[in-house]
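Reading the structure
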Amino acid sequence: MMSIAARSGVFSPYMQATAFAVAGPLKALVPGVVVKGENILLNPKKKFLCRESLNGQSPKTGPAVTVSINGSAGVRFAHTDITVPDFSDYRRPEVLDPNKSSQDSSESRRTFSYLVTGATAVVSVYAAKTVVTQFVSSMSASADVLAMSKIEIKLSDIPEGKNMTFKWRGKPLFVRHRTEKEIATEAAVSLTELRDPQHDKDRVISPSWVIVLGVCTHLGCVPIANAGEYGGYYCPCHGSHYDASGRIRKGPAPLNLEVPYYEFPDDNTVIVG
Amino acid sequence: MALAKSVYNLLFRRTSTFAVTIMVGAVLFERVFDQGGDAIFEQLNRGKLWKHIKHNYENKEEE
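Because the structure is a prediction, the values reported are computed rather than measured. (Residues numbered from 1 in each chain as written. Chains lettered and ligands numbered in written order. Predicted model: local features only at pLDDT ≥ 70, side-chain atom pairs only at ≥ 80, totals over all residues. Heavy atoms only, no water.)

1. Details of the overall build of chain B
Heads up, the condition is: Secondary structure follows DSSP: runs of H or I at least 4 residues long count as helices, runs of E at least 2 residues long count as strands, and numbering of each begins at the N terminus. Three labels apply to residues, based on accessible area from a 1.4 Å probe with only protein chains included: buried if under 20% of the type maximum, exposed if over 50%, partly exposed otherwise in between. The Shrake-Rupley method, run with a 1.4 Å probe, gives the accessible areas here. Residue values count only the displayed protein chains as cover.
Each helix and strand counted, chain B has three helices and zero strands in total. Ordering the α and β elements of chain B from the N terminus gives α-α-α. By the burial criterion, 10% of the 63 residues in chain B qualify as buried. Carbon together with sulfur atoms contributes 61% to the accessible area of chain B, which is approximately 5,400 Å² in total.

Set out below in structure tokens:
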């Protein structure tokens, strides 16, 4: 075993990365045999920087120099010309010099770090807020849908005591011009006799005008105006009677007719929606 | 340097004040960024937007 190790000099060109013909410290017992006609394909001036370039320095041809036992067949460059990697590329310029105290520049470095962090956070908060706002607002109704959802009604077209039906958001809308007698009757109704107690003045803005959705609260039929025992609306499907304020008085329906949101911009118009 | 030091001690040193700084900064940044963007857009489209050519189509007799 030991003899193999001692005689392994012939293998050294294969076991080392470089084969380089220089004079060894010891005089070789047998002078090297120079193989003629083969060039060593390496560039000794090329810098050794890493393992890959070191590989590139290896001779592509066979061994140029053969020596015998204990002959130095190659040279290891003992890290004299290799740039030792360090972290100076990643360090701030204030702390590059190892002889300088880092405490002198700690204030500015720290402030810079926090400034960068803070600026990133500010932009992130803005971006997140914008994304959320856009997403949420995309779920709300668009402007054309909102414009379609309103209806403007000219009140002078409806004579007193009449009920007119409009289509609003795909549903019938009753606009009723009440007479003084109806107003007085509905205002006098006691809440105790109502199934869904609601005073008449809570259901109207102006007492002359009753604006309700024409959908029966029982199963969604469209009631008939000016019919039924209470002179308001009568649902033909299952016989629900509503009074002139749209309140359920008799029959299977559980609730009063629904009052939508509406407003009077002037005396002659009403905007529902 | 004195300014940086006071900014650090006042705003960045505590997490609570740092968070408040970020929130306030986001509000200010939003205003500046949005209005700046709109201003740049209007500058690039000067004379093409409705509010720039509106006066050409307004009915003078109505006034």
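Now that the structure is up, let's keep going.
2. Describing the state of the cysteines
Residue and element names in this part refer to chain A. This is how it is decided: By disulfide we mean two sulfur atoms from cysteines, separated by a distance within 2.5 Å.
Counting across every chain of the model gives one disulfide over all chains. Linked covalently through their sulfurs, Cys 221 and Cys 237 form a disulfide whose S-S length is 1.9 Å. Taking the torsion about the S-S bond as the criterion, the Cys 221 to Cys 237 disulfide, at about -105 degrees, is left-handed. Note that Cys 221 is positioned in the loop between strand E6 (209–213) and strand E7 (224–225) and Cys 237 in the loop between strand E8 (231–235) and strand E9 (240–243), a separation of 16 residues in sequence. Judged by its relative accessible area of 18%, Cys 221 falls in the buried class.

3. Some remarks on helix H2 (residues 15–44) of chain B
For clarity, the cut-off: Expected helix span is computed as 1.5 Å times (number of residues minus one). Whether two residues are in contact is decided by their heavy atoms: any pair within 4.5 Å suffices.
Here H2(B) contains 30 residues, and its C-alpha end-to-end distance of 42 Å stays within 8% of the 44 Å for a straight helix at 1.5 Å per residue. Every buried residue of H2(B) is accounted for by B:Phe18, B:Ile22 and B:Ala26. Each element contacted by the buried residues of H2(B) is listed here: helix H4 (106–139) of chain A together with helix H1 (2–12) of chain B.

4. A word on the side chain of A:His241
Residue and element names in this part refer to chain A. For clarity, the cut-off: Distance and chemistry together define a polar contact, namely a pair of N or O atoms within 3.5 Å, with one atom able to donate a hydrogen and the other to accept it when in protein, and with adjacent residues in sequence counting only for side-chain atoms on both sides.
Locating His 241 in the fold gives a position in strand E9. With a relative accessible area of 10%, His 241 lands in the buried category. Looking at His 241, its side chain comes within polar contact range of the main-chain nitrogen of Glu 229, at 3.0 Å. If we skip the residues at most four places from it in the chain, His 241 touches Gly 228, Glu 229, Tyr 230, Tyr 233, Tyr 234, Arg 247, Ile 248, Arg 249 and Lys 250.

5. A closer look at the packing of aromatic side chains
We apply this condition: A pair of Phe, Tyr and Trp rings is counted when the ring centres sit within 6.5 Å of each other, with Trp represented by its six-membered ring. The angle between the planes then sorts it: under 30 degrees is stacked, over 60 is edge-to-face, the rest tilted.
Evaluated as defined, the whole model comprises 11 aromatic pairs over all chains. On the numbers, 5.6 Å between centres and 85 degrees between planes, the contact of A:Tyr114 with B:Phe18 is edge-to-face. Taken together, the residues span two chains, with A:Tyr114 in helix H4 and B:Phe18 in helix H2. Residue class for A:Tyr114 comes out partly exposed when judged on its relative accessible area of 30%. Looking at B:Phe18, the relative accessible area reads 13%, which means it is buried. Put simply, the rings of A:Tyr114, B:Tyr8, B:Phe12 and B:Phe18 pair up and form one aromatic cluster.

6. Regarding a nonpolar patch on the surface
Keep this limit in mind: Residues enter patches when their relative accessible area tops 30% and they take part in no salt bridge; the joining distance is 9 Å for like charges and 5 Å for the nonpolar side chains Val, Leu, Ile, Met, Phe, Trp and Tyr. Note on definitions: salt bridges are taken to be side-chain nitrogens of Lys or Arg within 4 Å of carboxyl oxygens of Asp or Glu.
On the surface, A:Val132, A:Phe135, A:Val136 and A:Met139 cluster together into a nonpolar patch covering about 430 Å² of accessible area. With respect to the helices, strands and loops of the structure, A:Val132 is situated in helix H4.

7. Structural notes on the sheet that holds strand E4 (residues 163–168) of chain A
Two pairing modes exist for strands in a sheet, parallel and antiparallel, and in both the strands are linked by backbone hydrogen bonds. Residues and elements named next belong to chain A. Filter applied, for reference: Think of it this way: DSSP has to see at least two bridges between two strands before they count as a pair. Only the stretch in contact is used when a helix axis is fitted, and all axes are lines through C-alpha atoms; the angle between N-to-C directions ranges over 0 to 180 degrees.
Reading across the sheet, the three strands line up as E4-E5-E6 and stay open at both edges, with antiparallel pairing between neighbours. Looking at strand neighbours, the two that pair on one side only are E4 and E6, the edges of this open sheet. Recorded for the sheet is a direction-independent mean angle of 20 degrees between the axes of neighbouring strands. Pairing of E4 with strand E5 (residues 171–177) involves six bridges; the strand directions are antiparallel.

8. Remarks on the interface of chain A and chain B
Using the following cut-off: Accessible surface is computed with a 1.4 Å probe, and the buried area is the amount of it that two parts give up when combined, taken over both parts together.
Contacts between chain A and chain B engage 14 residues on the former and 13 residues on the latter. For the pairing of chain A and chain B, the buried interface totals around 1,300 Å² over both sides, and the portion due to carbon and sulfur atoms is 79%. Summed over the three residues of chain A that lose the most area to chain B, namely A:Tyr114, A:Val122 and A:Tyr126, the buried surface amounts to 42% of that side. At the boundary of chain A with chain B, the tally comes to one salt bridge.

9. Quick notes on the packing of H1(B) against H2(B)
Residues and elements named next belong to chain B. Short version of the rule: These descriptions rest on fixed angle ranges, namely under 35 degrees for roughly parallel, over 145 for roughly antiparallel, 65 to 115 for roughly perpendicular, and the rest for oblique. Classes in brief: Ala, Val, Leu, Ile, Met, Phe, Trp, Tyr, Cys and Pro nonpolar; Asp, Glu, Lys and Arg charged; the others, Gly included, polar.
Orientation of H1 relative to H2, taken along the N-to-C sense of each, is 100 degrees, at an axis distance of 7 Å. When the axes of H1 and H2 are compared, the pair comes out roughly perpendicular. In contact with Leu 10, Leu 11 and Phe 12 of H1, H2 contributes Thr 17, Phe 18 and Thr 21. Looking at the contact of H1 with H2 residue by residue, the class counts come to four nonpolar, two polar and no charged.

10. So, the pairing of strand E3 (residues 151–154) of chain A
Residue and element names in this part refer to chain A. Side chains of E3 alternate between two faces, with Ile 151 and Ile 153 buried and Glu 152 and Lys 154 left unburied. Pairing between E3 and strand E12 (residues 269–272): four bridges, direction antiparallel. Its bridge partner lying in E12, Glu 152 is registered against Ile 271.

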